Amino acid sequence: MLAILLAVALGAGAWRAGGWSGLALMGSALVLWALLYYNQIMTVMRRAADRPVGYVGSAVMLNAKLQAGQPLLKVLAMTRALGQPLTEVGVDPEVYRWTDPGGSFVTAEFRGGKLLQWKLERPAPEAAPDPAAEPPGEA
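Predicted model, so just to flag it, every value in this text is computed and none were measured.

Overview of helix α4 (residues 72-79)
Item 1. By the burial criterion, the buried members of α4 are L72, V75, L76 and T79. All buried residues of α4 lie within an arc of 100° about the axis, which places them on one face of the element.
Item 2. Packing partners of the buried residues in α4 comprise α2 (20-49), α3 (59-65), β2 (94-99) and β3 (105-111).
Item 3. Note on α4: the residue one or two positions beyond its end, R80, has a positive phi of about 60°.

Encoded structure:
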């Protein structure tokens, strides 16, 4: 509703400022804005298509960069990969997971396309052998 009111107000202002030429200029500006936004979406999706689904270089760095309210498109741009979906298609909230080569992963929940919450999980560290428990080596 707000977008419609804004468009009507812009149209009225453009008409008052320049008549038909003002409306043409406003229409051209709106088309330019739409094309720039479409180009941004296509660039992000093209980069994401070149990487495996659910892959991220570092889950820890992704966790540090995430902020509540970020749009899904911005998260896709940061990870450069589509997230592995953990929910059915069309279910709100949507849950995605990105995993790094070390086994750490970030699970993110999106509601209405905005980041609601996320959680970083790391694999349990492997137990290092206790040097005191080994028999002394022969010299």
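Examining the packing of helix α1 (residues 2-18) against α2
Item 1. Here α1 crosses α2 at 135°, and the two axes come no closer than 6 Å. If you check the angle between α1 and α2, you find them oblique. In the crossing of α1 with α2, the sense of the turn from one axis to the other is right-handed. Taking contact as the criterion, the partners of L10, G11, A14, W15 and G18 in α1 are, on α2, W20, S21, G22, L23 and M26.
Item 2. Classifying every residue of the contact of α1 with α2 by side-chain character gives six nonpolar, four polar and no charged.

Regarding the packing of aromatic side chains
Item 1. Applying the stated criterion to the full structure yields four aromatic pairs.
Item 2. With a centroid separation of 5.1 Å and 90° between ring planes, the pair formed by W15 and W20 is classed as edge-to-face.
Item 3. Between the aromatic rings of W33 and Y37, the centroid separation amounts to 6.0 Å while the plane-to-plane angle is 5°, which identifies the pairing as stacked. Highlighted residues: W33 and Y37, both in helix α2, separated by four residues, approximately one helical turn.
Item 4. Assessed through its relative accessible area of 58%, W33 is described here as exposed.
Item 5. Overall, the relative accessible area of 41% leaves Y37 in the partly exposed class.

Considering the sheet that holds strand β4 (residues 114-121)
Item 1. The four strands are arranged β1-β2-β3-β4 in an open sheet whose pairing can be described as antiparallel. What marks the edges here is a single partner per strand, and that holds for β1 (84-85) and β4.
Item 2. Here six bridges tie β2 to β3, and the two strands are oriented antiparallel to one another. Across the sheet, Y96 pairs through a bridge with A108, a residue of β3.

Structural notes on the environment of L30
Item 1. Assignment of secondary structure puts L30 in helix α2.
Item 2. With a relative accessible area of 42%, L30 lands in the partly exposed category.
Item 3. When the C-alpha atoms of L30 and A7 are compared, they prove to be 9.7 Å apart, with 23 residues separating the residues in sequence.

Here we look at the side chain of T107
Item 1. One can find T107 in strand β3.
Item 2. When its relative accessible area of 17% is taken as the criterion, T107 is described as buried.
Item 3. One polar contact links T107 to R97, side chain to side chain, over a distance of 3.3 Å.
Item 4. Among residues more than four places away in sequence, those in contact with T107 are L86, V95, Y96, R97, Q117, W118 and K119.

Reading the values: the criteria
Residues numbered from 1 in each chain as written. Predicted model: local features only at pLDDT ≥ 70, side-chain atom pairs only at ≥ 80, totals over all residues. Heavy atoms only, no water. Buried < 20%, exposed > 50% of the residue type's maximum accessible area, 1.4 Å probe, protein only. Helix = DSSP H or I, 4+ residues; strand = E, 2+ residues; numbered from the N terminus. Arc of directions from axis to C-beta. Contact = heavy atoms within 4.5 Å. Axes fitted to C-alpha atoms, helices over the stretch in contact; angles between N-to-C directions. Parallel < 35°, antiparallel > 145°, perpendicular 65-115°, else oblique. Left-handed = near helix turned anticlockwise from the far one by under 90°. Nonpolar A, V, L, I, M, F, W, Y, C, P; charged D, E, K, R; others polar. Phe/Tyr/Trp six-rings, centres within 6.5 Å; stacked < 30°, edge-to-face > 60°. Pairing = 2+ DSSP bridges. Polar contact = N/O pair within 3.5 Å; in protein donor to acceptor, adjacent residues only side chain to side chain.

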